[in-house]
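One letter stands for each residue in the lines below.
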Amino acid sequence: MYTQALSIPDEGRSVKPIHPKESPQQIQAFEDRIAADGRIEPQDWMPEAYRKTLVRQISQHAHSEIVGMLPEGNWISRAPSLKRKAILIAKVQDEAGHGQYLYSAAETLGTARSDMLDALHSGKAKYSSIFNYPTLSWADVGVIGWLVDGAAIMNQIPLCRCSYGPYARAMIRVCKEESFHQRQGYESLLAMMQGTQSQRDMVQDAVNRWWWKCLAMFGPPDTDSAHSEQSMRWGIKRISNDELRQKFVDATVPQAKVLGVSLPDPHLKWNEARGHYDFGDIDWDEFWQTVNGHGPCNRERLATRVKAHAQGQWVRDAALAYAQKQERKLQQEAA
Ligand code: BYC
């Protein structure tokens, strides 16, 4: 859907920047458009650094969507009922769709999908830290919907106003689907909380394991965030990592009360003066360990992803052969 006005590179080849020279006039026109809150489209001139930042963020986001299929996919064959299985399959499939929109949006910046996937598979590219933790019980599926998708929505709603058009438009649809994901997770947990004591314990255990990881998902504190300042100036990020984290905490505490679970933080307390909840310290060492490849499931996630890609090669080959056949047919008919 983003490719109509652009020629997308062949597999395996990156495209050179369309506008290698950056004249003061071009930069001024770009800055003026950003200042007026206008959108930058694929055909427009943009500084190379803006393009690179977008490719980094959008491709990491796409990788997160497809790696994010794995922890929950783990439970499809063990869902407790047909209804829950159908919902989970649909949700995991949605995540693949999100990856698809996002890779397409990144391609409009002149990057080949195969290069982005190579970067993921070789361990060079990042994806969200959150998907490197194991899903130990069925309650984890509900908690991922409620907290992980909840955190994702909080982060992604402002991206619907991102200055880069294709990313912003992709995010509108992603956010609609994510909000369904969040509600299905919460509803599934509500059902468990109305069940037996061991079901309630299972939910509490899952919340205890995921809560801090979800707070870290928003990225490092603003003071340590390498890209935030520039990305906010360019209208890529609209709200800082810390502000989003705070909004997430404030929105989630009342939901936890309704659900009847406690959040595992003795410092979590309403602060009347700030009009926000205070919360404890995040373990940033653990976060960076995970981001840098040493979390509990990093190796397993990458190995599964690489295997799935290799096993899907025949599908890509078949699709390509079919497209070439159709193309030849059209040419013969036109001749
Ligand atoms: N995990 O300067 P900073 C989903 C990296 S998908 C790993 O603040 P930035 C879902 C960061 O990349 C969820 N790495 O960076 C899917 C940077 O490293 P590089 C994904 C992280 O870009 C399926 C360095 O730390 N959402 O929700 O300004 C099922 C410094 O950080 C993380 C998105 O991708 C992390 N958590 O801000 C269910 C949203 N945090 O690149 C759910 C789009 C930071 O210099 N992305 N890093 O090597 C963003 O909004 C921003 O990229 C971030 C980071 C807020 C994540």
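First things first, this report covers the structure right here in the doc. Not measured: the values here are computed from a predicted model.

Attention shifts here to the site of the ligand. With respect to spatial proximity, 33 residues lie near the ligand, and among them Lys126, Ser129, Ser225, His227 and Lys237 are the closest. Between the ligand and Met217 there is a distance of 3.0 Å, counted from a nitrogen atom to a backbone nitrogen or oxygen. A distance of 2.9 Å separates an oxygen atom of the ligand from a polar atom in the backbone of Ala226. For the shell around the ligand, the secondary-structure elements that each account for two or more residues are helix H2 (48-67), helix H6 (138-156) and helix H11 (284-294).

As a further point, take the packing of H6 against helix H8 (residues 197-216). With their axes 9 Å apart at the nearest point, H6 and H8 run at an angle of 35° to one another. For H6 against H8, the interelement crossing comes out right-handed. Contacts between H6 and H8 involve Trp138, Ala139, Asp140, Val143, Ile144, Trp146, Leu147, Val148 and Ala151 on the former and, on the latter, Met202, Val203, Ala206, Val207, Arg209, Trp210, Trp211 and Cys214. Taken together, the residues that form the contact of H6 with H8 break down as 15 nonpolar, no polar and 2 charged.

Let's shift gears to the packing of helix H5 (residues 113-121) against helix H12 (residues 298-311). Close contact between H5 and H12 brings their axes to 10 Å; oriented N to C, the two are set at 145°. In contact with Leu117, Leu120 and His121 of H5, H12 contributes Leu302, Arg305, Val306 and His309. For the contact of H5 with H12, a count of residues per class yields 4 nonpolar, 2 polar and 1 charged.

Looking now at the pattern of salt bridges. Per the counting criterion, the structure on display carries 17 salt bridges. Arg238 is paired through a salt bridge with Asp37; the nearest N and O atoms lie 3.0 Å apart. Taken together, the residues Arg238 in the loop between helix H9 (228-233) and helix H10 (241-259) and Asp37 in the loop between helix H1 (24-35) and H2 connect sequence positions 201 residues apart. On the basis of relative accessible area, Arg238 is assigned to the partly exposed category, the value being 25%.

Topologically, Ser231 is positioned in helix H9. Here Ser231 falls in the buried class, since its relative accessible area comes to 2%.

Moving on: the environment of Gln246. Along the polypeptide, Gln246 turns up in helix H10. Residue Gln246 is classed as buried on the basis of its relative accessible area, which comes to 10%. Sequence separation between Gln246 and Phe279 is 33 residues; the distance between their C-alpha atoms is 8.8 Å. With sequence-adjacent residues up to four places away left out, Gln246 is seen in contact with Arg274, His276, Tyr277 and Phe279. At 3.1 Å, the side chain of Gln246 and the side chain of Arg274 are in polar contact.

Thresholds, definitions, all that
- Residue numbering note: each chain is counted from 1, following its sequence as written.
- Since the coordinates come from a predicted model, pLDDT governs what is reported: local features require at least 70, and pairs of side-chain atoms require 80 or more to be given and counted, while whole-chain, interface and lining totals use all residues.
- To obtain the side-chain values, all non-hydrogen atoms of the structure were included, while hydrogens and water were left out.
- Any residue with a heavy atom positioned within 4 Å of a molecule or strand is treated as near that molecule or strand.
- Two N or O atoms form a polar contact when they lie within 3.5 Å of each other; inside protein one atom must be a possible hydrogen donor and the other a possible acceptor, and for residues adjacent in sequence the pair counts only when both atoms belong to side chains.
- Put simply, DSSP H or I for four residues or longer makes a helix, DSSP E for two residues or longer makes a strand, and each gets a number counted from the N terminus.
- A fitted line through C-alpha atoms represents every axis, and for helices the fit uses only the stretch in contact; the resulting angles, taken between N-to-C directions, go from 0 to 180 degrees.
- The sense of a crossing depends on the near helix, which, turned anticlockwise from the far helix by less than a right angle, makes the crossing left-handed and, turned clockwise, makes it right-handed.
- Residue contacts are counted whenever heavy atoms from the two residues lie within 4.5 Å of one another.
- Only Asp, Glu, Lys and Arg are considered charged in this grouping, and only Ala, Val, Leu, Ile, Met, Phe, Trp, Tyr, Cys and Pro are considered nonpolar; every other residue, Gly among them, is considered polar.
- The salt bridge criterion pairs a side-chain nitrogen of Lys or Arg with a carboxyl oxygen of Asp or Glu, the two atoms within 4 Å.
- Partly exposed describes any residue whose relative accessible area lies between the buried limit of under 20% and the exposed limit of over 50%, with all areas from a 1.4 Å probe on protein chains only and scaled to the type maximum.

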